[in-house]
Amino acid sequence: MPETFTAWDCHTHIFGPWSSYPLPPAPVYLPDPAPFEALLNLHKNLGIGHGVLVQGAPYGADHSALLAALEQSQGRYRGVAVVGPDVDDATLAQLHAAGVRGARVGMMRHLASGFDAGRLRAVAQRVARYNWHLQIHASLEDTVATLKHTADWGVPCVVDHMGRTPADQNTEAPMFQDFLALLQSSQAWVKVSGADRISTLAPDYEDALPVMRALLDAVPERAIWGSDWPHVNQSVRPQAARLLQLFERACGDPALAHAILVDNPVRLYD
């Protein structure tokens, strides 16, 4: 288990309570309530003291729930916003002051339109002055395409959920090897998270271990971990404690686990 209350969970979402933070009409998906208080309780039970709140797609550009949670955390949590190229300067300044340190660009084709280099670069140009990173959620193919473009932009790029690399894919496959090479030769970071999203072997997700280990070997200094709580759009919801144990097995070394759970997030999230 991580050192008590120094570890970071770098990928979570919050939703509700609906009485205070309702969803807009026709959200892209309808999550169950998952308020910040429930996340705090989970993290207390896991011995985790810091976290990253990623703006949930159903909320769109309404960051009210995220901003309230960041204020409540008194600096222990950071945020990742969802903003477009047309976001105004006042909004960016407000988000940054509250603790936001990144902009997420979703490219999964069931939620968005896929890879769009022009839009991605426009967002990068807007957030660069705040030293934010781009956070991308995309298929492996679109992840590789993105990293080919972002390498020389001067903005770090954080890849969600291991680039959604299928766990049943051979780690020697050309596309995955391209992914590893791009991670090593750019400012890219990777979240060794979402084992349940790439695995076909619930509830233990053993088949995700080779992908996890390959990524940890490739960029141990730029890897972070997240639970992905509350596991939206999953037919079988994993246990966060089990995902954390799987990550520690993938590390195989307490020093490496400490670097990824503590040292790396501190550098990335200021």
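Our structure's up above, just so we're on the same page.
Just so we're clear, the structure is a prediction, and the values are computed from it rather than from any experiment.

> Honestly, the overall build of the chain in this entry has me stumped. Any pointers?
For the chain, the count of helices and strands is 10 helices and 8 strands. For a compact globule of 270 residues, the expected C-alpha radius of gyration is about 18 Å, and the chain comes in at 17 Å, within 12% of that figure. Along the three orthogonal principal directions, the C-alpha set of the chain runs to about 45 × 40 × 35 Å. Within the chain, the proportion of its 270 residues that are buried is 55%. Put simply, of all contacts in the chain between residues at least 6 apart along the chain, 75% involve residues at least 24 apart. Accessible area of the chain: about 11400 Å², with a carbon and sulfur share of 50%. Positive and negative side-chain charges in the chain, numbering 20 and 28 respectively, have mean positions lying 3 Å apart.

> Help me understand the pattern of salt bridges in this model?
Two side chains carrying opposite charge are able to pair once their charged atoms lie near each other. Counting across every chain of the model gives 9 salt bridges. Note that R237 is salt-bridged to D32, the shortest N-O span being 3.1 Å. Of this pair, R237 sits in the loop between β8 (223-224) and α9 (240-251) while D32 sits in the loop between β1 (7-12) and α1 (36-46), placing them 205 residues apart in sequence. Overall, R237 belongs to the partly exposed group, its relative accessible area being 45%. According to the relative accessible area criterion, D32 is partly exposed, its value standing at 43%. Linking D160 and K191 is a salt bridge whose minimum nitrogen-to-oxygen distance equals 3.6 Å. Here D160, found in the loop between β6 (157-159) and α6 (174-184), pairs with K191, found in strand β7 (residues 188-191); they are 31 residues apart in sequence, far enough to count as distant. Classification of D160 as buried rests on a relative accessible area of 0%. A relative accessible area of 0% means that K191 is categorised as buried.

> Got a minute to help me understand the nonpolar core in this structure?
As a rule of thumb, soluble globular proteins bury nonpolar side chains together. Counting residues in hydrophobic clusters, the biggest one holds 82 residues, and the most contacted among them are L53, F179, M212, L215, L216 and F247. Those residues in contact with L53 that lie beyond four places of it in its chain are T12, I14, F36, L39, L66, A69, L70, Y77, R78, G79 and V80. Among the nonpolar cores identified, the runner-up in size contains 10 residues, and W8, W189, L268 and Y269 belong to it.

> In this structure, what is going on with the environment of P238? I would like to understand it.
Within the fold, P238 resides in the loop between β8 and α9. Taking the C-alpha atoms as reference points, P238 and D88, separated by 150 residues in sequence, lie 38 Å from one another. Excluding residues that lie within four positions of it along the chain, P238 makes contacts with D196, Y205, H231 and L243.

Thresholds, definitions, all that
Residues numbered from 1 in each chain as written. Predicted model: local features only at pLDDT ≥ 70, side-chain atom pairs only at ≥ 80, totals over all residues. Heavy atoms only, no water. Helix = DSSP H or I, 4+ residues; strand = E, 2+ residues; numbered from the N terminus. Rg over C-alpha atoms; globule rule 2.2 N^0.38 Å. Buried < 20%, exposed > 50% of the residue type's maximum accessible area, 1.4 Å probe, protein only. Contact = heavy atoms within 4.5 Å. Areas by Shrake-Rupley, 256 points an atom, 1.4 Å probe, with all protein chains shown as cover. Lys, Arg positive; Asp, Glu negative; His and termini not counted. Charge placed at Lys NZ, Arg CZ, Asp CG, Glu CD. Salt bridge = Lys/Arg side-chain N within 4 Å of Asp/Glu carboxyl O. Core = buried A, V, L, I, M, F, W, Y, C linked by side-chain atoms within 4.5 Å.

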